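Structural overview for review
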Amino acid sequence: MRTAPSRRRLVTAAAVAAATALVMSGCSGGSSGDDNGKVTLTFLSHYGDEPMKSGISTLIAQWNSEHPDIQVKQQTVKFDDLLTTLNVRQTGGRGADILSSYALWGGQLAANNVLDKPPADVAEDIKTNYSSAAAAAVTGGNGQVFGYPTEFNTYVLYYNKKILADAGYDSAPTDWAQLKEVAEKTTKKDSSGNYQVEGLSLIQDGDNQTAHPFLSLLDAAGGKFLKPDGSSALDSTAKATMELESELAKNGATTTSIMPTKAFPANQVAMAIQASWWIGSLKNQMKDEYKNVGTAPVPGPKAGEQGSLAYAFFTGVNAGSKHKEQAWQFLTWFNSHKNKEGVTEMGDFLASNGLIPPRKADADILGPKLQAADPNLKPIYEAAGYAMAESNAANAYKAKTSLHNALDQILVNNAPVNQTFNDLVAEINRK
């Protein structure tokens, strides 16, 4: 399963984010009720493909069978259309009662009065019982919790053990000096200058290709991207991270011309900074050669320093719903109902599809079992405890696009870091 934004195209979403300035706050939701007190709630998500579609449907069907007076009806759209649908239906008074959203959009949706503030017990549950990175990803700069974290990913350094061993290395780099050394030494080109092996990939699939790997390195260096109000938090640490990427590009150890999701499984990339969902994809693509895959924390400038970016999706309630109380009752059950093993049904479902259960108790129970079966999951689970949550300020997507454009200039055109950095900060602060 790859519902992560690293894979998805958010061009349509970006256009809507820029174009949608105001959303009506008093619109009614998509729920209905009858004279017998039965309520039907609508649940909008992008889970139209397997295995997520049937997994969510199974949980909804269980709820409906146990709660005849509160029925939930599932609606799905493509991920590319999700933000558009959330905004457009809201302005037309047809917003769904319950919604699933990329947490990056949370600040914008909250500012546009699309999101209901959760009851105090729900907000406390999320703040207390979910991993720090997952909770932070769904909490705005003003402290508003958007909803329950669901899909949750962290970033780690993936590496090809065989390629590193052939170059004389028996483990992953643990600081930036080693990262540069290994990347340069493992890079191979033919006599025409074409890449046979790229040392370190700093891009991901989808748009804003450069942003998440950079932010993982930035976190490892102790830096930040945005302040809670959406203004730039970039400083000398961010400039040093840009310098690192610039040097790697100038030395030919990294390139944006090679897509790691295709080249890494073909043994054409030595290292890549990628999200945790990639584990399942690599297993399917590489088969027996998956044994050559290793994972490690994204290193910082000095040994012992490490970082990661965490991003999430969440389920929340429409501020315009006529049945917000019932909607929160469903979501509380949906995200906390436990099976006989003492794990929430949602956490078990997410883990079975290669994602980190965002609820700490679920991860504590399921994590050791899964990590014993695949040690590559260990750095991924550990990163949930220290990863920098992706910003969800109202201008976060616009700022992330600006970051990508700046990094692209550095990686592709060897643009000067100082001027590119200063221009980026100014552009973000214009909001």
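As the structure is a computational prediction, the values presented were derived from the model and not from experiment.

Here we come to the pairing of strand S8 (residues 269–275). S8 sits mainly inside the fold: seven of its seven residues count as buried. Two elements, strand S5 (residues 148–160) and S8, share five bridges in a ladder whose sense is antiparallel. In the strand pairing of S8, tyrosine 158 is matched with alanine 272. Sheet topology note: the strand S7 (residues 195–201)/S8 ladder contains three bridges and is parallel. Looking across to S8, one finds that serine 201 is bridged to alanine 272.

With that settled, the discussion passes to the pairing of strand S4 (residues 98–102). Along S4, five of the five residues are buried, which leaves the element largely enclosed by surrounding structure. Burial along S4 is two-sided: Ile98, Ser100 and Tyr102 and Leu99 and Ser101, pointing in opposite directions, are all buried. Note: strand S2 (residues 39–45) against S4, two bridges, orientation parallel. If you follow phenylalanine 43 over to S4, its bridge partner there is isoleucine 98.

So, about the side chain of histidine 212. Mapped onto the elements of the fold, histidine 212 is located in helix H9 (residues 211–220). A relative accessible area of 0% means that histidine 212 is categorised as buried. At 3.0 Å, the side chain of histidine 212 and the side chain of lysine 400 are in polar contact.

Once that is clear, we can look at the environment of valine 77. Within the secondary structure, valine 77 is located in the loop between strand S3 (70–76) and helix H3 (79–91). In this structure valine 77 touches Leu44, Ser45, His46, Leu82, Thr85 and Arg89, once residues within four positions along its chain are discounted.

Attention shifts here to H3. The terminal C-alpha atoms of H3 lie 19 Å apart, and with 13 residues this matches the ideal 18 Å at 1.5 Å per residue to within 8%. Taking the largest bend as the criterion, H3 deviates by roughly 30°, centred on threonine 85. Here H3 has its buried residues at Phe79, Leu82, Leu83, Thr85, Leu86, Asn87 and Gln90. Glycine 93, located one to two residues past H3, shows a positive phi value of around 75°.

Before going further, it helps to spend a moment on the packing of aromatic side chains. As enumerated under the stated definition, the model contains 16 aromatic pairs in all. For the ring pair tryptophan 63 and phenylalanine 330, a centre distance of 5.4 Å and an interplane angle of 80° mean the geometry is edge-to-face. With tryptophan 63 in helix H2 (residues 52–66) and phenylalanine 330 in helix H13 (residues 324–336), the pair connects residues that are 267 residues apart, well separated along the chain. The exposure class of phenylalanine 330 is buried, given its relative accessible area of 0%. Through a chain of ring-to-ring contacts, three or more aromatic side chains come together here, namely Phe79, Tyr102, Trp105, Tyr155, Tyr311 and Phe313.

Below, the discussion takes up the pattern of salt bridges. Tallying each qualifying case throughout the model produces seven salt bridges. Among the salt bridges present, the one from aspartate 116 reaches lysine 324, with a minimum N-O distance of 3.7 Å. Remark: lysine 324 occurs in helix H13 and aspartate 116 occurs in the loop between helix H4 (106–111) and helix H5 (120–129); sequence separation between them is 208 residues. Residue classification places aspartate 116 among the buried residues on the basis of a relative accessible area of 13%. For glutamate 247, the salt bridge is made with lysine 180, and the minimal N-O distance between the two is 2.5 Å. Of this pair, glutamate 247 sits in helix H10 (residues 236–250) while lysine 180 is found in helix H8 (residues 176–186), placing the two residues 67 residues apart along the sequence. According to the relative accessible area criterion, glutamate 247 is partly exposed, its value standing at 32%. Here lysine 180 falls in the partly exposed class, since its relative accessible area comes to 24%.

Moving on: the packing of H9 against helix H17 (residues 396–413). Between H9 and H17, the least distance of the axes is 9 Å, while the angle of their chain directions is 90°. Regarding the angle of H9 to H17, the classification is roughly perpendicular. The residues of H17 that touch H9, namely those facing Ala211, His212, Phe214 and Leu215, are Lys400, Leu403 and Leu407. A breakdown of the residues in the contact of H9 with H17 according to their chemical character gives five nonpolar, one polar and one charged.

On to the packing of H9 against H10. Direction vectors running N to C along H9 and H10 enclose 125°, while the axes themselves pass 9 Å from each other. Considering their axes alone, H9 and H10 lie oblique with respect to each other. In this structure, the crossing between H9 and H10 has a hand that is right-handed. In this structure, H9 contributes Phe214, Leu217 and Leu218 to the contact, and H10 contributes Thr237, Ala238, Thr241, Met242, Leu244 and Glu245.

We now examine the environment of isoleucine 203. Mapped onto the secondary structure, isoleucine 203 falls in the loop between S7 and H9. Judged by relative accessible area, which is 1%, isoleucine 203 ranks as buried. Sequence-wise, isoleucine 203 and threonine 261 are 58 residues apart; in three dimensions their C-alpha atoms are separated by 9.6 Å. Sequence-distant contacts of isoleucine 203, that is, excluding residues within four places in its chain, are made with Gln209, Thr210, Pro213, Thr255, Thr256, Ile258, Met259, Pro260 and Gln274.

Thresholds applied
- Sequence positions are assigned chain by chain, starting from 1 and proceeding in written order.
- Note on the predicted model: pLDDT of at least 70 is required for a residue's local features to be given, and 80 or more for side-chain atom pairs to be given and counted; whole-chain, interface and lining totals, by contrast, use all residues.
- Side-chain metrics in this entry use all non-hydrogen atoms of the structure; hydrogen atoms and water are not considered.
- Residue burial is assigned from relative accessible area. The probe radius is 1.4 Å, only protein chains are included, and a residue is buried under 20% of its type maximum, exposed over 50%, and partly exposed in between.
- In this text, helices come from DSSP runs of H or I with a minimum length of four residues, and strands from runs of E with a minimum of two, each type numbered from the N-terminal end.
- Any two strands between which DSSP finds at least two bridges are classified as paired.
- The term polar contact refers here to a pair of N or O atoms within 3.5 Å; inside protein, the definition further demands a hydrogen-donor-capable atom paired with an acceptor-capable atom, and it admits residues adjacent in sequence only when both atoms are side-chain atoms.
- Pairs of residues are marked as contacts when any of their non-hydrogen atoms sit within 4.5 Å.
- What a helix should span is 1.5 Å times the count of its residues minus one.
- Bend angle per residue: angle between axes fitted to the 7 residues ending at that residue and the 7 residues starting there.
- Any two rings among Phe, Tyr and Trp, with Trp reduced to its six-membered ring, count as a pair given centres within 6.5 Å; such a pair is stacked if its planes are under 30 degrees apart, edge-to-face if over 60, and tilted if neither.
- Counted as salt bridges are all cases of a side-chain nitrogen of Lys or Arg within 4 Å of a carboxyl oxygen of Asp or Glu.
- The angle between two axes is taken between their N-to-C directions and runs from 0 to 180 degrees, where each axis is a line fitted to C-alpha atoms and a helix contributes only its stretch in contact.
- By definition in this entry, angles of less than 35 degrees are roughly parallel, angles greater than 145 are roughly antiparallel, angles of 65 to 115 are roughly perpendicular, and the rest are oblique.
- Three classes are used, and their members are as follows: Ala, Val, Leu, Ile, Met, Phe, Trp, Tyr, Cys and Pro are nonpolar, Asp, Glu, Lys and Arg are charged, and the others, Gly among them, are polar.
- In this scheme the crossing of two helices becomes right-handed for a clockwise turn of the near helix relative to the far one and left-handed for an anticlockwise turn of less than a right angle.

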